[in-house]
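Okay, here's what each chain looks like letter by letter:
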Amino acid sequence: MRKVYSLVSLSKNRESKDAVLSLNIKQIQYPEQTREFDSRLTKTGRRSLSQSISHSSTDSNSSGGSDAENPEEEVSPRDMQQMNSKGSRDFCIKNIKLADFGRQEIELAEDEMTALMALRKAAQGEKPLAGAKIVGCTHVTAQTAVLFETLVVLGAQCRWAACNIYSTQDEVAAALAEQAFPVFAWKGESEDDFWWCIDRCVNVEGWEPNMILDDGGDMTHWIYKKYPHLFKKVNGIVEESITGIHRLHHLSKAGKLCVPAINVNDSVTKQKFDNLYCCRESILDSLKKTADIMFGGKQVVVCGYGEVGKGCSAALKAMGSVVYVTEIDPICALQACMDGFRLTKLGDVVRQVDMVITCTGNKNVVVREHMDLMKNGCVVCNMGRSNTEIDVSSLRTPELVWQHVRAQVDHIIWPDGRRIVLLAEGRVLNLSSSTVPIYVLSITATTQALALIELFNAPEGRYKQDVYLLPKKLDEYVASLHLHTFDAHLTELTDEQAKYMGLSKNGPFKPSYYRY
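Just so we're clear, the structure is a prediction, and the values are computed from it rather than from any experiment. For every chain, the first residue of its written sequence is number 1, and the numbers climb from 1 along that sequence. Local features in this predicted model are restricted to residues of pLDDT 70 or higher, and side-chain atom pairs are both shown and tallied only at a pLDDT of 80 or more, whereas totals for entire chains, interfaces and linings draw on every residue. Only hydrogens and water are set aside; all other atoms, that is, all heavy atoms of the structure, feed into the side-chain values.

Examining the sheet that holds strand S8 (residues 261-263)
Each strand in a sheet pairs with its neighbour through backbone hydrogen bonds, running either in the same direction (parallel) or in the opposite one (antiparallel). Inclusion rule: Pairs of strands are assigned from DSSP output, requiring at least two bridges between the strands. Helix and strand assignments come from DSSP, with helices taken as H or I runs of at least 4 residues and strands as E runs of at least 2, each series counted from the N terminus. Whether two residues are in contact is decided by their heavy atoms: any pair within 4.5 Å suffices. Between N-to-C directions, angles span 0 to 180 degrees; the directions come from axes that are lines fitted to C-alpha atoms, helices contributing only their stretch in contact.
The seven strands are arranged S5-S4-S3-S6-S7-S8-S17 in an open sheet whose pairing can be described as parallel. Every other strand in the sheet has two partners, leaving strand S5 (183-184) and strand S17 (467-469) as the edge strands with one partner each. When strand S4 (residues 157-162) meets S5, the two strands line up parallel, connected through two bridges. Each bridged residue has a counterpart across the sheet, and for Ala 161 the counterpart in S5 is Phe 184. Strands in contact with helix H7 (residues 218-226) are strand S3 (133-138), strand S6 (211-214) and strand S7 (236-239); relative to S6, the strand with the most contacts, it is inclined by about 135°.

Have a look at this one:
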């Protein structure tokens with residue numbers, strides 16, 4: 001925060017009958033601070049957008065990033081000569097000197113991610129991923145670093161890039177690089193940086209990937225488009241986001257998906273714990289940190305009532321907000337009504353609400369026509385995976401002024417002076433501006449690890465060239481690993497009970513179509 005000093009001069013007007021006390025206040029700022037502040041008040045609507053080969057997490061100019069740094073004065077990590085203490089140069093990060101700090105964060109995450117550590121201990125002797133060459137494109141954080149290092153312990157070779165330009169923890173990337181883990185990621189990447197990092201993971205002499213772990217489909221899309229000969233050699237894909245799953249289904253329907261894929265996003269453990277419980281907690285923290293919002297009495301519209309929407313709506317309602325829900329699915333819509341929310345259309349309430357939160361994974365859920373009608377100060381943000389839910393590109397026009405307030409917060413100012421508050425430029429809010437509970441990420445990371453093991457070791461013919469759900473048995477195993485944290489004890493079926501229900505005593509306990 002800038003330091004502001006006040007010089008107060010007091011003078012009395014002796015010529016007047018009444019003594020007048022006047023205050024002359026002068027603000028003093030350091031010159032370099034003034035230049036930095038001025039550089040952030042830009043009309044970003046006048047900037048031109050470069051086009052990517054797909055809807056990536058970098059489809060617009062960045063105004064977020066680190067608020068403590070001036071990008072124009074920084075040297076890009078791509079232009080830096082980098083080497084760790086072991087002499088390795090196969091990485092590209094912000095600052096290798098942050099490695100010790102990052103290692104401490106990873107070790108703290110390990111304490112909370114007990115299931116993943118148990119899996120690491122149980123399977124490290126067998127090395128179930130020996131021979132696996134995994135390219136990944138996920139968030140690069142302390143929690144995902146525990147996953148990366150677990151995969152290595154289980155025998156895999158890995159190369160990694162970030163799926164989001166704002167979520168990378170630079171100190172964690174440094175810790176990974178110090179251990180000779182090939183990671184190409186830093187917070188505040190440009191769009192060109194984003195794709196360059198992905199390419200550095202794939203385009204390696206003498207090394208070809210045979211597995212993909214993706215979050216959003218960007219790694220899969222890049223290999224499919226740029227390296228089709230490598231794509232045909234991949235043994236399997238594990239995808240954890242709804243956006244990536246949509247992409248895989250499009251390839252499958254077109255007959256172009258030549259490898260099997262496991263849909264982790266729709267596994268029960270991912271849907272219930274990462275999407276529902278995680279978002280229920282992180283939405284409030286994210287809004288507080290970015291917009292300093294008081295929730296009581298605020299009118300909020302949540303677009304989408306899937307697991308993410310359910311979590312966000314419940315949290316806001318508990319804080320005293322008046323919550324409206326929009327939904328296309330009549331079943332989810334009925335659930336919203338039964339949970340006490342008012343089902344409406346966005347256009348019917350957009351003039352009166354204080355916040356609009358998207359949770360659909362779709363595109364153009366909030367478009368320019370909606371934002372033209374919003375009241376002054378309305379907060380607009382996205383909690384869904386895709387950054388296409390809010391039509392941010394429609395705001396980059398000459399008549400609108402972008403005022404960067406602080407990290408992940410932009411004011412979009414209309415000619416009449418009215419403004420909306422856009423958070424994280426429409427990208428995933430909780431991953432861009434807040435933290436996610438480590439325990440929840442442990443569940444997702446364990447699911448991803450098991451999915452990779454399953455695909456890599458599956459006998460020929462078990463999985464065709466299609467998209468599959470995680471086997472129910474593995475879903476239940478992930479949940480059972482996490483029960484120890486609560487000192488919880490499962491009841492076991494007797495032989496008679498198991499026979500009566502037609503179940504194995506060891507599970508699975510529900511059919512694949514069961515909805516929890």
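After presenting the structure, the write-up continues.
Observations regarding the packing of aromatic side chains
What counts is decided by this rule: Aromatic contacts are taken between Phe, Tyr and Trp rings whose centres are within 6.5 Å, Trp giving its six-membered ring; a plane angle under 30 degrees counts as stacked, one over 60 as edge-to-face, and the others as tilted. To sort residues, take the accessible area from a 1.4 Å probe on protein chains only and compare it with the maximum for the residue type: under 20% means buried, over 50% means exposed, and anything in between is partly exposed.
One pass over the full model with this rule turns up twelve aromatic pairs. Their ring planes at 35° and their centres at 4.3 Å tell us that Phe 148 and Trp 160 sit as a pair that is tilted. Of this pair, Phe 148 sits in helix H4 (residues 142-153) while Trp 160 sits in strand S4, placing them twelve residues apart in sequence. Of the residues examined, Trp 160 reaches a relative accessible area of 0% and is grouped as buried. The interplanar angle of 15° and the centroid separation of 5.7 Å between the aromatic rings of Phe 148 and Phe 181 together place this pair among those described as stacked.

As for the pairing of S3
Within S3, five of the six residues are buried, which leaves the element mostly enclosed by the surrounding structure. Relative to S4, S3 runs parallel, the two being bridged by six bridges. Its bridge partner lying in S4, Thr 138 is registered against Ala 162. Judged from the four bridges that link them, S3 and S6 form a sheet pairing that is parallel. The partner of Val 135 across the bridge, within S6, is Ile 212.

Description of the nonpolar core
Keep this limit in mind: The set of buried Ala, Val, Leu, Ile, Met, Phe, Trp, Tyr and Cys residues whose side-chain atoms join them within 4.5 Å is what this entry labels a nonpolar core.
Ranked by internal contacts, the top residues of the largest apolar core, which has 52 residues, are Leu 129, Ile 134, Leu 151 and Trp 160. Taken together, the elements giving at least two residues each to this core come down to helix H2 (99-112), helix H3 (114-123), H4, S4, helix H5 (170-178), S6, helix H16 (438-457) and helix H17 (472-483). Take this core: its biggest share by element is ten residues, from H16. Leaving out residues up to four positions away in the same chain, Leu 129 has contacts with Ile 134, Leu 151, Leu 154, Gly 155, Ala 156, Leu 452, Ile 453 and Phe 456. Counting residues in each nonpolar core, the second largest holds 33 residues, with Ala 161, Tyr 166, Leu 248 and Ala 261 among its members.

Some thoughts on H4
What counts is decided by this rule: To estimate how far a helix should extend, the number of its residues minus one is multiplied by 1.5 Å.
Its twelve residues place the ends of H4 17 Å apart at the C-alpha level, agreeing with the 16 Å of an ideal helix rising 1.5 Å per residue. The element H4 is extensively covered by neighbouring structure, given that ten of its twelve residues are classed as buried. Inspection of H4 places Ala 142, Gln 143, Thr 144, Ala 145, Val 146, Leu 147, Phe 148, Glu 149, Thr 150 and Leu 151 among the buried residues, and these make up the whole buried set. Just downstream of H4 lies Gly 155, where phi reads positive at about 110°.

Concerning the sheet that holds strand S16 (residues 419-423)
Here eight strands make up an open sheet; going across it, the order is S11-S10-S9-S12-S13-S16-S15-S14 and the pairing mixed. The open sheet has two edge strands, strand S11 (342-343) and strand S14 (401-406), and neither has a second partner. Bridge count between strand S9 (residues 299-303) and strand S12 (residues 355-358): four bridges; the pairing is parallel. What sits directly across from Val 300, in S12, is Met 355.

Thoughts on helix H11 (residues 307-318)
For H11, with twelve residues, the first-to-last C-alpha span of 17 Å sits near the 16 Å given by 1.5 Å per residue. Burial analysis of H11 places nine of its twelve residues in the buried class, which makes it a mostly covered element. The complete set of buried residues in H11 reads Glu 307, Val 308, Gly 309, Lys 310, Gly 311, Cys 312, Ser 313, Ala 315 and Leu 316. On its buried side, H11 packs onto helix H10 (268-291), S9, strand S10 (322-326), helix H12 (330-338) and S12.

Examining the pattern of salt bridges
To keep things clear, this is the line we draw: Salt bridges, as used here, are contacts in which a Lys or Arg side-chain nitrogen is within 4 Å of a carboxyl oxygen on Asp or Glu.
In this structure the tally under the stated criterion is 20 salt bridges. Here Glu 149 makes a salt bridge to Arg 103, at a shortest N to O gap of 2.8 Å. Placement of the pair is Glu 149 in helix H4 and Arg 103 in helix H2, with a sequence separation of 46 residues. Judged on exposure class, the residue Glu 149 and its partner Arg 103 are both buried. Two residues, Asp 218 and Arg 247, come together in a salt bridge whose shortest N-O distance is 3.1 Å. Taken together, the residues span a long stretch of sequence, with Asp 218 in helix H7 and Arg 247 in helix H9 (residues 242-253) at a distance of 29 residues. Side by side, Asp 218 and Arg 247 carry an identical accessibility label, which is buried.

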